[in-house]
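# Examining the three-dimensional arrangement
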Amino acid sequence: MESTGTVLRELRGAQKSAKGVSLYSRYVNRPAGRVFAAAAYRIGMTPNQVTLLSAAFTFSALAAVALARPAWGPAVLVYLGLAVGFALDSADGQLARLTGRGGPDGEWLDHVVDCAKMILVHTAVLISFHRYFGLGSDAWLLLPLGFLFVAVLTFCAGLLREQLGKSAARSAPSGGAPAGPVSRLRAVALLPADYGVFCLVFLLLGDETAFRTGYAVLAAVHALFLVAFLGKWFRELRALRAD
């Protein structure tokens, strides 16, 4: 079997484009996923098994958010569970490209887990708010519901944009325009919308006010990104129709 160093080098050559990827995903999550993918390859795991392992870490952390009273110790464990789950979410695709064992079933499973994660993370916060936080007003319960709405709409609209774009590209007479250069400014600007950055807010779970404030700020930022993304994706799809 190939050495771990050889596998890591092959994984570096099998990376997806960095276009449209934040600095966190490019320099933290993908490299961590590459290490996990190399380890999974060495012990003979399949990409789908890595996806399920990612789900196990993520859902265990979210169960702790919903069921355990907020404190600094659990906050660190929750963050580590979410961060490892996110890195494994990158590892499954890298392993699939390395081994050539990817397929529609794996892509479907990956999207199902992503969707479940998106719903459960804000549901867990809602439950924690209701059970443990001294909110002062029930209006605070609308915050995770609103964040959930923004997250699901962004996910569904982005996925549909991707699929419609692929369909238009297949029907076009040419292969389409080549991808533009990777913008570092764009990679920095996308940081607040990165799931890995969002996970950092759970380190504040030991302080109710700090967590609520950080979570509310991220909710507002994600809502602004949603408005920007919807306009951008609509213009891109309209341009494809014109072509």
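Fair warning: this is a prediction, and the values are worked out from it, not measured in the lab.

### Some remarks on the overall build of the protein
A count of helices and strands for the protein gives 9 helices and 0 strands. Secondary structure elements of the protein occur, N-terminal to C-terminal, as α-α-α-α-α-α-α-α-α. Split into buried and exposed, the 243 residues of the protein put 40% on the buried side. Partitioning the contacts of the protein with sequence separation of at least 6, the portion at a separation of at least 24 is 83%.

### Let's talk about the environment of Leu67
For Leu67, the position within the fold is in helix α3 (residues 47–67). Residue Leu67 is classed as exposed on the basis of its relative accessible area of 59%. For Leu67, the contacting residues outside a window of four places in its chain are Arg131 and Tyr132.

### Observations regarding the pattern of salt bridges
Applying the stated rule across the entire model yields 5 salt bridges. Here Asp89 ties to Lys117 by a salt bridge, and the two come within 3.7 Å at their closest N and O atoms. In this pair, Asp89 sits in helix α4 (residues 72–99) while Lys117 sits in helix α5 (residues 104–132), placing the two residues 28 residues apart along the sequence. Each member of the pair Asp89 and Lys117 is classed as buried. Put simply, Glu162 and Lys166 hold a salt bridge, and the shortest N to O gap is 3.3 Å. Residue Glu162 and its partner Lys166 are both found in helix α6 (residues 142–171); the two are separated by 4 residues, about one turn of the helix. On the basis of relative accessibility, which here comes to 36%, the residue Lys166 falls in the partly exposed class. Linked by salt bridges that have partners in common, Asp89, Asp114 and Lys117 make up one network.

### A word on the nonpolar core
Counting 31 residues, the largest nonpolar core has Leu82, Phe129, Phe198, Phe202, Phe211 and Tyr215 as its most contacted members. Secondary structure elements with two or more residues in this core: α3, α4, α5, α6, α8 (195–199) and α9 (208–242). Per-element tally for this core: the top contributor is α4, with 6 residues. Ala37, Ala40, Ala91 and Leu95 belong to the second-largest nonpolar core, a separate cluster that totals 6 residues.

### Describing a nonpolar patch on the surface
Taken together, the side chains of Val76, Leu77, Leu80, Leu200 and Leu203 define a hydrophobic patch exposed on the protein surface, amounting to about 420 Å² of accessible area. With respect to the helices and strands, the residue Val76 is situated in helix α4.

### Examining the packing of aromatic side chains
Scanning the entire structure with this criterion turns up 15 aromatic pairs. Ring centres of Phe147 and Phe198 lie 5.5 Å apart, and the angle between their planes is 75°; this geometry places the pair in the edge-to-face category. Note that Phe147 is positioned in helix α6 and Phe198 in helix α8, a separation of 51 residues in sequence. Of the two residues examined, Phe147 and Phe198, each falls in the buried class. Cation over ring: Lys117 sits above Tyr195, and NZ or CZ is 4.4 Å from the ring centre. One residue, Arg212, lies across the ring of Trp140, its end atom 4.7 Å from the ring centre.

### Quick word on α3
Across its 21 residues, α3 extends 30 Å between first and last C-alpha, which sits within 8% of the 30 Å expected from 1.5 Å per residue. Residues of α3 that are buried sit in contact with α2 (23–43), α4, α5 and α8.

### Side note on the confidence of the model for the protein
On average, residues of the protein carry a pLDDT of 88, and 86% of them reach 70 or more. The element-level mean pLDDT for the protein is lowest in helix α1 (residues 4–12), coming to 64, with α3 highest at 97.

### Some words on empty space enclosed by the protein
In the structure shown here, the tally under the stated rule is 1 cavity of 30 Å³ or more. The computed volume of the largest cavity comes to approximately 60 Å³. Lining the largest cavity are Ala64, Val65, Ala68, Arg69, Pro70, Ala71, Pro74, Ala75, Val78 and Leu205. Taken together, the elements giving at least two residues each to the lining of the largest cavity come down to α3 and α4.

Calculation criteria
Residues numbered from 1 in each chain as written. Predicted model: local features only at pLDDT ≥ 70, side-chain atom pairs only at ≥ 80, totals over all residues. Heavy atoms only, no water. Helix = DSSP H or I, 4+ residues; strand = E, 2+ residues; numbered from the N terminus. Buried < 20%, exposed > 50% of the residue type's maximum accessible area, 1.4 Å probe, protein only. Contact = heavy atoms within 4.5 Å. Salt bridge = Lys/Arg side-chain N within 4 Å of Asp/Glu carboxyl O. Core = buried A, V, L, I, M, F, W, Y, C linked by side-chain atoms within 4.5 Å. Patch = residues over 30% accessible without salt bridge, like charges linked within 9 Å, V, L, I, M, F, W, Y side chains within 5 Å. Areas by Shrake-Rupley, 256 points an atom, 1.4 Å probe, with all protein chains shown as cover. Phe/Tyr/Trp six-rings, centres within 6.5 Å; stacked < 30°, edge-to-face > 60°. Lys NZ or Arg CZ within 6 Å of the ring centre and 35° of its normal. Expected span 1.5 Å × (residues − 1). pLDDT = per-residue confidence, 0-100. 1 Å grid on protein atoms, 1.4 Å probe; cavity = no way out; pocket = protein on both sides within 12 Å on 5 of 7 lines; lining within 4 Å. Points joined across faces, edges and corners; volume = space filled by probe spheres on them.

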